[in-house]
Amino acid sequence: LGLRLWNVAWFHRLENTASVLFRPTRMTVSKRLARLVGHAGKQMPLRMVCTRSMSTKYNFDTLEKDNFLGLKRLPIPKLEETMPKYLRSIEPILTPEEFAKAKAEVAEFVESSGKLLQAKLESEDQHEGYPYSYIQKHWDDMYLTIRCPAPVNVSPYFKLVDDPSKSQCRRAAEFALSYVRWTRKILDGTLEPCSGGKGSNLCHSAYKYMIGISKIPKKDRDVVELYPKSRTLTVISKGNVFSVEVLSEDGKILSVGALEKQLEEIAAAPAAQTSICALTSEDRDVWAEARGKLEADPSTAAALKALDQGVLTVVLEDAEAGDRAGASRALLHGAAGNRWYDKHMLVAFKDAQLGLTLEHSMSDGMNWTRFCHEVMADIEGATSKLAPGCAALPALPTLDA
C-alpha cells in the first residue's frame, strides 16, 4: 500500500444532506474473500420478552458502571462441575482410545494446575468495577486482539423477514429510521429490562455499544469508539461511502419518504473504480497499518471519522440476494468493496431482501435480537406480536429534506 492511494473528495449533494466521503482511485484489493465459502443458515424462532415497567430511569453515561437492575455477579462454576461437562462435550468427536487419554489428562489437571488456576480465577473476581464478570476481560481481549479478518471469523449475520411489497430503498429507509428511534430509548434511559427467564433480568450494559459504535484497527489490539450523539447514517453503495444526516440538532428525524429518495439517488450513482471498504476485510494489522497511513492526510482522517460516527451503516447492494444460500453467503462474506466490517451493517439487496452483518466486539446475540424485534415490530405496526412488553418507539417530529 503506498502512502497515498486515494484521492478523497468532500462535497455535498442530494439536497445537502448526503455527503460523499470517499472517491477512491486506485487499490490492489485482497483476493482473500474469494476463497471463503458461505453457509446457509436455518430460520430459527426467536423469543424476546420485555419487562415494561421500570421503577427508575438509568443514566446512559454510566450505564456500563451502574448496576441499576441489581443483578448478581456471574457465578464462577466449580472445577468439579466444569470438567465433567468438558468431557461430555468432547466424547462424541473422539475415538474410545482418545477419550480414555483425555479422561486421564483431565483427572491429572483437576488435582494439579487446575486447582491453582481455579483459585486464581476466583481471586481475580473479588473486586468492583471492570471487568464486571469473570469472563468479560477475556471476552474483550479475544475480540479486540484477534488478528484474522472479520468476515466469517468474527462477524455474524441475521437474515430478516422478506416483504416483497416494498422496494430495496423503502425497506432500508424504514429499518434504518426505526433503528435510530430505537436508540433514543437507550439514550434517554427508558429501554425496558429484558427477561432472562425465571423472573431474572438480563444485563443492560452492552446496549451502550449499539449507537454509533466503530471498531478502529490498531497494531496488536483494536480499540472501540462510541458516538452516541451521532445524527448521521453511513451509507455504502457500489464502493462509494456517504454520510447522510437523519437527525437535526433540535431532535427532528428525516421522514421515511425523504430518506428513501436519498437512498435511491445514492444507489443510482456510478460505481467506484476501487473501494477503501475492502480494507476492513483484511488482516487486522494490515488494515491498521493502512489506516494509519491514510490518516496522515487530514482530509482523509476527517472522512474516516465521519464514517465512524454513523449510528448505523446501510449497505445498498447492486445485486439480488436470491435464495437463502445466496443471501447467507452475501451476508457472511459479501463483496468486500461494499462492506464496512468495523460497524453494524444493514444490508439491503436489489430484490428488497434485508439482512444484518454485525460487529461482534462489544455486543452479542441478545442485544441484536432485541433491536431486531423492536424495529421490525415498529415497522409492522400495532398488530405486531414481535416485542411483547416493550413500549412503542418514541415518536420524533419529522424533518423533510
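(A) Expanded view of the packing of aromatic side chains. Counted by the stated rule, this structure contains ten aromatic pairs. Look at W182 and F371: their rings are 5.7 Å apart centre to centre, the planes differ by 45°, and that puts the pair in the tilted class. Of this pair, W182 sits in helix 6 (residues 168–187) while F371 sits in helix 11 (residues 365–380), and the two are 189 residues apart along the sequence. Just as W182 is buried, F371 falls in that class too. Taken together, the aromatic side chains of F175, Y179, W182, Y207 and F371 make up a single cluster linked through ring pairs.

(B) Spotlight on the nonpolar core. Counting residues in hydrophobic clusters, the biggest one holds 46 residues, and the most contacted among them are W182, L259 and F371. Ignoring any residue separated from it by four or fewer positions in sequence, one finds F371 in contact with F175, Y179, W182, M210, L356 and L358. Y143, L279, L331 and L332 belong to the second-largest nonpolar core, a separate cluster that totals 25 residues.

(C) Summary view of helix 7 (residues 256–268). Across its 13 residues, helix 7 extends 18 Å between first and last C-alpha, which sits within 8% of the 18 Å expected from 1.5 Å per residue. Here helix 7 has its buried residues at A258, L259, E260, Q262, L263, I266 and A267.

(D) Representation of the pairing of strand 12 (residues 345–348) within the structure. Burial of strand 12 is two-sided: the residues M345 and V347 facing one way and the residues L346 and A348 facing the other way are all buried. As paired elements, strand 11 (residues 313–316) and strand 12 share four bridges and run parallel to each other. Within the sheet, the bridge partner assigned to T313 lies in strand 12 and is M345. As a crossover connection, the stretch from strand 11 through helix 10 (residues 324–333) into strand 12 is right-handed. Bridge analysis of strand 12 against strand 13 (residues 354–357) gives four bridges, and the strand direction is antiparallel.

(E) Quick peek at the pattern of salt bridges. In total, this model carries 29 salt bridges according to the counting rule given. Residue R284 is joined to D342 by a salt bridge in which the shortest nitrogen-to-oxygen separation is 2.9 Å. Of this pair, R284 sits in helix 8 (residues 284–294) while D342 is found in the loop between helix 10 and strand 12, placing the two residues 58 residues apart along the sequence. Classification of D342 by relative accessible area gives buried; the value is 1%. The salt bridge involving R339 is made with E317; its shortest N-O contact spans 3.2 Å. Of the two residues, R339 is situated in the loop between helix 10 and strand 12 and E317 in the loop between strand 11 and helix 10; the sequence distance between them amounts to 22 residues. Among the ionic contacts, a cluster of salt bridges with common partners joins R147, D222, R284, D285 and D342.

(F) A look at the environment of P217. For P217, the position within the fold is in the loop between strand 6 (213–216) and strand 7 (223–226). Residues within four places of P217 in sequence aside, it is in contact with D222, R284, W287, A288, R291 and D342.

Cut-offs used in this document
- Residues numbered from 1 in each chain as written.
- Predicted model: local features only at pLDDT ≥ 70, side-chain atom pairs only at ≥ 80, totals over all residues.
- Heavy atoms only, no water.
- Phe/Tyr/Trp six-rings, centres within 6.5 Å; stacked < 30°, edge-to-face > 60°.
- Helix = DSSP H or I, 4+ residues; strand = E, 2+ residues; numbered from the N terminus.
- Buried < 20%, exposed > 50% of the residue type's maximum accessible area, 1.4 Å probe, protein only.
- Core = buried A, V, L, I, M, F, W, Y, C linked by side-chain atoms within 4.5 Å.
- Contact = heavy atoms within 4.5 Å.
- Expected span 1.5 Å × (residues − 1).
- Pairing = 2+ DSSP bridges.
- Right-handed = clockwise from strand over helix to strand, strands pointing away.
- Salt bridge = Lys/Arg side-chain N within 4 Å of Asp/Glu carboxyl O.

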